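Spelled out from the first residue to the last, the chains are:
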Amino acid sequence: MSEVLFELSGIKKYYYIAKNFFSKEKIEVKAVDEVSFFLKPATTLAIVGESGCGKTTLAKIILKLIVASSGIVRFGSQISDLRKDIQLVFQNPYQSLNPLMRIKDILNEPLLIHNVAKNRENRIKELLELVGIDPNNRFRFPSEFSGGQRQRISIARALATEPKLIILDEPVSSLDVKTQLQILNLLKDLQKRLNLSYLLITHNLSIVKNFSDYLLVMYLGKILEKAPPGDIFNKPIHPYSESLILSAIEKRSKLKGEIPRFKEIYGCIFNTRCPYSQNKCFKIRPELEELCPSHFAACHFPLNLKRS
Amino acid sequence: MIFKELKRNRLFSFGLAIVLAIGLCAIFAPLLTRYQPEAIDVNEILSSPSSKHILGTDSLGRDLFSRLLFGSRVSLKVGIIAVGISTLMGLILGAIAGFYGGWIDSLLMRFVDLMLCFPTYFLILSVIAILEPSLANIMIIIGLTSWMGVARIVRAQILSLKEREFIQAAKVIGASDLRIITLHLLPNAMGPVIVAAILGMAYAILVESSLSFLGLGVQPPTPSWGNILIDAKATLGVAWWLTLFPGLAIFITILGVNMLGEGLRNWEKQ
Amino acid sequence: MSEILKINDLTVNYQTKEGEFTALEKVSLKLEEGTCLGILGESGCGKTTLAMSVVKLLPYNAKIIRGQINYQGNNLLQMSEIKLHNLRGREIAYIFQDPVSALNPVMSIGAQIIETLVNLRHFSYKEAFGESIRLLNLVKVPDPLEHLRFYPHQLSGGLNQRVMIALALSTNAKVLIADEPTSNLDVTIEAAIIELLKDLQTKLGLSIIFISHDLSLIRFLSDNTAIMYKGKIIEFDRTHLIFNNPKQLYTKELLQATDLLSRI
């Protein structure tokens, strides 16, 4: 098989929190539970899920900002230096740039640390041009730029070390619609020119449809469905994916109640909200299975599927 | 722009004016007076304020005005250097505790608690009594016993800054811990630290004056506001100027420094 | 259909350090009874200022330069503070973006609803208790009896927003102003809240002012839509007319961008 950029197998991250202020009893919170997937070079993988589904935790595990409770992260041959070859773009461009540093110093930092450019001044100008910021503005502070421009600067910083993979953590969700479009177009363009891979983390289904090559749907730390996005949009197998699409596009929700938090759930983790749940769902936890060619889902009663 | 801000923040402007004035007096002390602070003039013992000696003379006939001017040098020196020592210690220990957390944090913070348990004044008194009283010793001992507030402030600042995304961003590009602390965390934490340092200066000046008053500070004949006051004690009944003016000097300086600090805090809050 | 709320030529300025700036400029709008008016704009376009001026809860440095806000024929801007106080909260209710900080953290949600009913509508405690259960049922909070005892921090964002809506309805309000009520919520919860608002509008004949930056929500919910840009209403019409045939360049670009975004 062709080379992979990185591969996760059986990643778990559990937290323990006190049940209440007085008791010593701890509740186990499964932020990420048995997650495995891989990413091929020059492709985009999108992870979609609501808040608390573990998508950001997963990104931090890949970046070794936190340590997984168990499981293995294996990097392919392209990734030799984690801090150089994988970069991160944050959601909030108002928080991700040091307010006391000039743009040129922000961009200079990764160049200096990894010693990757012969002429750093030129490289900084080149990076700014690459993301569509006038290099003459490099002496300014972040506060002098708009949200969209700051996000471009964050992207420039991520590109500085010529990474193979960029993790995009909700890269556009704090921006206005028109700016969102510009930033996504820029990212797409950069991917083609620089042969980048993206791991896109978002709660917004509508931006992943054509932006990504592969889509994971996560819920409460588990992958419920994974397939090319077209397949999921056209015929979602898991009821959760179906309702995510319905709520994003038609503002209609079939789901009952709310996301259960800090509760032990027996059987399928989605059973508290699933409109189709039956007895079996409360007893046996479904495993992720390939129900159609390259279309995986973890559900006892899959939708849009004629079982042979 | 700056003038508008200064006009808005009266407290800061007044404080700044007072501190600047005292600072200038200290720097240009030799130019402002005709008398040497240690020059004894037996013809002028205990003369009251006059055109010759604007603030009068003391029991050895030394000019009070020039003694106060030169005394301000001592006070400011103590203020700046002692606070420098305490701020540096507070920054280093607070940053380490806040950044690394865990047992390092617990250990350092318990040490802070321990230091805060000592009655500082008596600690200083006994240490000075063991060592010999000198300006250098005073500055060091004041510095070493007043860093705890700064350490706590720095730690709290770092704890909240640490979660900010630009710190995570610095980690992702592979910046070393030292680089993250000195380049990203500390500059963003400086606001309240500067305020605390300036307020600490007032404390250091007061401590030095009281030590000198007790005879454990700057040793005569070098003038310091504290030891001018000891001399005044003996002649309190006849020479009111000898207690009034040094007292006023201490009062105005502390007031000015405190106003400067509070004014800065108002700014920092915005 | 009769107009329940009419805003005429409203101009609001903010006094800032850098000088005065105009947040709203000659805004004219009308809300017909029993309909939903959507106000769409990017962040900082003045949509919240507009909503706040209807209930006269503007920050201290804001100044209403001119204009009228007519509620059932009375100009709110000239009304005495006492009369306004009676109107605000009783006839016009407001729900905020962040329900958790809008609810009182040290009172159970039942106590908050019952207090409103007793104080504003002079219910007895027994009546108020029954009414609060009815209201929680109306906003589809599961197990109302159970949830009455809970405190805001024990509930999720979606449930808190439902409680906020119940609280707004407890005053028997005719007009509901919803300022980005779903932007802190997850997509599936957002959809459910939007559905609820639509449902309440038809069931109770509520008139709603719905403020959002999200085109798709406005399109789904509102009968009329106003597009705001830099403090001005640049387009105001029936929702389907605006979405099918936008007249202003800004609106066209906005629609196009949203469309492209879903196809990127």
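First, a word on scope: everything that follows refers to the structure included in this document. (Residues numbered from 1 in each chain as written. Chains lettered and ligands numbered in written order. Predicted model: local features only at pLDDT ≥ 70, side-chain atom pairs only at ≥ 80, totals over all residues.)

## Let's talk about the interface of chain A and chain C
Working step 1: Across the contact, 25 residues belong to chain A and 27 residues belong to chain C.
Working step 2: Mapped by element, the contributors of at least two residues to the side of chain A that touches chain C are helix 6 (177-194) and helix 8 (239-249) of chain A.
Working step 3: Among the elements that take part in the side of chain A that touches chain C, helix 6 of chain A stands out by supplying five residues, more than any other.
Working step 4: Of the residues contributing to the side of chain A that touches chain C, the split by class is nine nonpolar, nine polar and seven charged. (Contact = placed C-beta atoms within 7 Å. Helix = DSSP H or I, 4+ residues; strand = E, 2+ residues; numbered from the N terminus. Nonpolar A, V, L, I, M, F, W, Y, C, P; charged D, E, K, R; others polar.)

## Quick look at the pairing of strand 9 (residues 222-227) of chain A
For a regular strand, the rule is simple: side chains alternate between the two faces of the sheet.
Residue and element names in this part refer to chain A.
Working step 1: In terms of burial, strand 9 is largely enclosed, as six of its six residues are buried.
Working step 2: By the bridge criterion, five bridges tie strand 8 (residues 214-219) to strand 9 in an arrangement that is antiparallel. The residue of strand 9 that forms the bridge with Leu215 is Ala227.
Working step 3: Linking strand 8 back to strand 9 in an antiparallel pair, the connection comprises two residues, with Leu220 at a positive phi of about 45°.
Working step 4: Across two bridges, the pairing between strand 9 and strand 11 (residues 295-297) is antiparallel. Each residue of the ladder has a partner; that of Lys226, found in strand 11, is Phe296. (Buried ≥ 20, exposed ≤ 12 C-beta atoms within 10 Å, placed from the backbone. Pairing = 2+ DSSP bridges.)

## Digging into the packing of helix 7 (residues 157-170) of chain C against helix 8 (residues 187-204) of chain C
Residue and element names in this part refer to chain C.
Working step 1: Following both chains from N to C, one finds helix 7 and helix 8 inclined at 15°, their axes separated by 10 Å at the closest point. One finds that helix 7 runs roughly parallel with respect to helix 8. Seen from above, helix 7 lies across helix 8 with right-handed handedness. Contacts between helix 7 and helix 8 involve Gly157, Gly158, Gln161 and Ile165 from the former and Ile189, Ala192, Ile193 and Leu196 from the latter.
Working step 2: Along the lines of polarity and charge, the residues of the contact of helix 7 with helix 8 split into five nonpolar, three polar and no charged. (Axes fitted to C-alpha atoms, helices over the stretch in contact; angles between N-to-C directions. Parallel < 35°, antiparallel > 145°, perpendicular 65-115°, else oblique. Left-handed = near helix turned anticlockwise from the far one by under 90°.)

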